[in-house]
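# Topology and contacts: notes
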Amino acid sequence: AVNSRSDDSVLVEQVQAGTLPPVEERLPLEPLVLEPVEEIGTYGGTWNYMAAGSGIYGWNMVNYVENFAKWNRDVSGHRPNLLSAWEYNEDASEITLHWREGMRWSDGEPFDAESIRYWYDMELTNETLTPAINARWKAGGALMELAYPDAYTVTVRFADANPLFVYTASQYAVWSPGQYLAQFHG
């Protein structure tokens, strides 16, 4: 159901009832703060759109999924989103991704490097779920390898340069709520 109330009283009521933690407990340590283009909008409302054909998947990914990075408004490159930062090595064969610390899934479980590990180990490299791995996850003919130096860092290594990795990875969700989906991997 869409909430048509134009203020945050719904959330305040949930906090007061104890069904929603206070906002301070729900924010990452370094929350992403966006500057509005013109003004801050109002909470709630309805968005109507129409789409036809098989392109709906891409539309949903752009509009309903939070990605690694988002385009700058002037389309000059990418800005952090779920990532707080990223660095490429000299030949762009290794990219270090830094996730915003303290993000959570909708069920309150942490969103961190383990979310990426679950996706990689249980979905991307699972031949039943992914019989053919898309070229965006490869360079030099080999699948990328991941390392997890800490809970909020993922290092992506390729056999060859992949300077567009942040751009291509930002087009697709590469994480899954393993805390929920693990029950289906019996």
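Higher on the page you've got the structure.
Residues numbered from 1 in each chain as written. Predicted model: local features only at pLDDT ≥ 70, side-chain atom pairs only at ≥ 80, totals over all residues. Heavy atoms only, no water.

### Some remarks on the sheet that holds strand E8 (residues 153-157)
The four strands are arranged E3-E4-E8-E7 in an open sheet whose pairing can be described as antiparallel. The open sheet is flanked by strand E3 (83-88) and strand E7 (145-150), the only strands paired with a single partner. For this sheet the average axis-to-axis angle between neighbouring strands, irrespective of direction, equals 20°. Of the pairings in the sheet, the one linking E7 to E8 comprises four bridges and is antiparallel in character. (Pairing = 2+ DSSP bridges. Helix = DSSP H or I, 4+ residues; strand = E, 2+ residues; numbered from the N terminus. Axes fitted to C-alpha atoms, helices over the stretch in contact; angles between N-to-C directions.)

### Focus on a nonpolar patch on the surface
Residues Trp 71, Val 75, Leu 164 and Tyr 167 make up a contiguous nonpolar surface patch of about 410 Å² in total accessible area. Within the fold, Tyr 167 resides in helix H5 (residues 165-169). (Patch = residues over 30% accessible without salt bridge, like charges linked within 9 Å, V, L, I, M, F, W, Y side chains within 5 Å. Areas by Shrake-Rupley, 256 points an atom, 1.4 Å probe, with all protein chains shown as cover. Salt bridge = Lys/Arg side-chain N within 4 Å of Asp/Glu carboxyl O.)

### Quick word on the pairing of strand E4 (residues 94-99)
The two faces of the sheet receive side chains in turn, since in a regular strand these alternate between them. Where E3 meets E4, five bridges bridge the pair, whose relative direction is antiparallel. Residue pairing across strands places Trp 86 opposite Leu 97, the latter belonging to E4. What sits between E3 and E4 in their antiparallel hairpin is a turn of five residues, with Ala 92 showing a positive phi close to 60°. The pairing of E4 with E8 spans five bridges and is antiparallel.

### A closer look at the nonpolar core
Phe 68, Leu 97, Trp 99, Met 144, Phe 165 and Trp 175 are the most contacted members of the largest nonpolar core, which totals 28 residues. If you list the elements that add at least two residues to this core, you get E4, helix H4 (113-124), E7, E8 and H5. Broken down by element, this core gets its largest block of residues, five residues, from H4. Dropping the residues within four chain positions of it, Phe 165 is found in contact with Phe 68, Tyr 88, Ile 95, Leu 97, Arg 136, Trp 137, Met 144, Val 156, Phe 158 and Ser 170. (Core = buried A, V, L, I, M, F, W, Y, C linked by side-chain atoms within 4.5 Å. Buried < 20%, exposed > 50% of the residue type's maximum accessible area, 1.4 Å probe, protein only. Contact = heavy atoms within 4.5 Å.)

### Observations regarding unusual backbone geometry
Phi is positive for Val 75, which is not a glycine, with a value near 55°. With respect to the helices and strands, the residue Val 75 is situated in the loop between strand E1 (69-71) and strand E2 (78-80). The backbone of Ala 92 sits at a positive phi, close to 60°, despite the residue not being glycine. Within the secondary structure, Ala 92 is located in the loop between E3 and E4. Relative accessible area serves as the criterion here: at 11%, Ala 92 is assigned to the buried category.

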